[in-house]
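One letter stands for each residue in the lines below.
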Amino acid sequence: MLQGEHKILTFDIHGDERGKLISLESIKNIPFDIRRVYYIFGTDSNLPRGFHAHRKLKQILIAVNGSLKIKVETWNEKAQYELNSPAKGLYLSGPVWREMFDFQNDCVLLVLASDFYNEEDYIRDKSVFNKMKRYTESDSN
Ligand code: T46
């Protein structure tokens, strides 16, 4: 079964006295073809979001303003990241459970996705995610 993957990518900043610019390009510094872009804003630091995994979707999450924290969980490990820079992207691929919280300073979270919106790609029930994990463990025995 497909393994979930998560890692931080750092983007080059082109800057001069006028300000800064970051360019994101499919396959070059984004490791997939971008098919969809969405952004999350107007958040509340007390209202977490996410609480799901994806089956196949690949995404890059970038806090282009403000910051947030995100807990991630794959079949075999858990981690937590803080996204607080437009030069930092969190790459999430496949079945990674995610919980986003502690949104600060008018956070704007830009997300680049490898596919169109498809509710069937979501695993929104944690017990289903955990069951898939058990199947994976029995695959490797
Ligand atoms: C993810 C995290 C980082 C659409 O109609 N089109 C879209 O492209 C998206 C992403 C969402 N929606 C609708 C579905 C819901 O009615 O917008 C509503 C809010 O979506 P959701 O509750 O899934 O939002 P989050 O913040 O929990 O999760 C989102 C993404 O859905 C998800 O793929 O990885 O951001």
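See above for the structure.
Quick caveat, the model's predicted, so the values are computed rather than measured.

Q: Give me the lowdown on the layout of surface pockets, citing residues and values where you can.
A: If you add up the space inside the largest pocket, you get close to 220 Å³. Lining the largest pocket are 16 residues; nearest its centre among them are Tyr-38, Ile-40, His-52, Met-100 and Tyr-122. Within the residue set of the lining of the largest pocket, elements represented by two or more residues are strand E4 (36–40), strand E5 (49–54), strand E6 (58–73) and strand E9 (97–113). Its residues assigned to classes, the lining of the largest pocket comprises 9 nonpolar, 4 polar and 3 charged. Estimated volume of the second largest pocket: approximately 160 Å³. Lining the second largest pocket, in full, are Arg-36, His-54, Lys-56, Leu-57, Ser-114, Asp-115, Phe-116, Tyr-117, Asn-118, Asp-121 and Tyr-122. For the lining of the second largest pocket, the per-class residue count stands at 4 nonpolar, 3 polar and 4 charged.

Q: I'd love a proper account of the side chain of Thr-74, names of residues and values included.
A: Take Thr-74: it is sitting in the loop between E6 and strand E7 (78–83). A residue is classified by how much of its surface remains accessible, and Thr-74, at 1% relative accessible area, is buried. Among residues more than four places away in sequence, those in contact with Thr-74 are Gly-4, His-6, Pro-95, Val-96 and Phe-129.

Q: Could you give an account of the nonpolar core, naming the residues involved and the relevant values?
A: Taken as a class, soluble globular proteins show a tendency for nonpolar side chains to be buried jointly. The biggest cluster of nonpolar side chains holds 16 residues, and the ones touching the most others in it are Leu-61, Leu-68, Ile-70, Leu-83, Leu-90, Met-100 and Leu-109. Contributions of two or more residues to this core are made by E6, E7, strand E8 (88–93) and E9. Once you skip the residues sitting within four places of it in the chain, Leu-61 turns out to touch Ile-70, Leu-83, Lys-88, Gly-89, Leu-90, Leu-92, Met-100, Leu-109, Leu-110 and Val-111. Counting 9 residues, the second largest nonpolar core, distinct from the first, contains Phe-11, Phe-32, Ile-60 and Ile-62.

Q: Which residues make up the site of the ligand, and what values do they have?
A: Close to the ligand lie 14 residues, the nearest being Arg-36, Arg-49, His-54, Gln-59 and Tyr-122. With respect to the ligand, the side chain of Arg-124 contributes an N or O atom lying 3.0 Å from an oxygen atom. Against a free-state accessible area of 640 Å², the protein chains account for coverage of 67% of the ligand. If you map the ligand onto the pockets, it falls in the largest pocket. Looking at the shell around the ligand, the elements that each hand over two or more residues are E4, E5, E6 and E9. Looking at which element gives the most residues to the shell around the ligand, the answer is E5, with 4 residues. Along the lines of polarity and charge, the residues of the shell around the ligand split into 6 nonpolar, 4 polar and 4 charged.

The rules behind these values
- Residues numbered from 1 in each chain as written.
- Predicted model: local features only at pLDDT ≥ 70, side-chain atom pairs only at ≥ 80, totals over all residues.
- Heavy atoms only, no water.
- 1 Å grid on protein atoms, 1.4 Å probe; cavity = no way out; pocket = protein on both sides within 12 Å on 5 of 7 lines; lining within 4 Å.
- Points joined across faces, edges and corners; volume = space filled by probe spheres on them.
- Helix = DSSP H or I, 4+ residues; strand = E, 2+ residues; numbered from the N terminus.
- Nonpolar A, V, L, I, M, F, W, Y, C, P; charged D, E, K, R; others polar.
- Buried < 20%, exposed > 50% of the residue type's maximum accessible area, 1.4 Å probe, protein only.
- Contact = heavy atoms within 4.5 Å.
- Core = buried A, V, L, I, M, F, W, Y, C linked by side-chain atoms within 4.5 Å.
- Near = heavy atom within 4 Å.
- Polar contact = N/O pair within 3.5 Å; in protein donor to acceptor, adjacent residues only side chain to side chain.
- Areas by Shrake-Rupley, 256 points an atom, 1.4 Å probe, with all protein chains shown as cover.
- Sits in = over half its atoms within 2 Å of the grid points.

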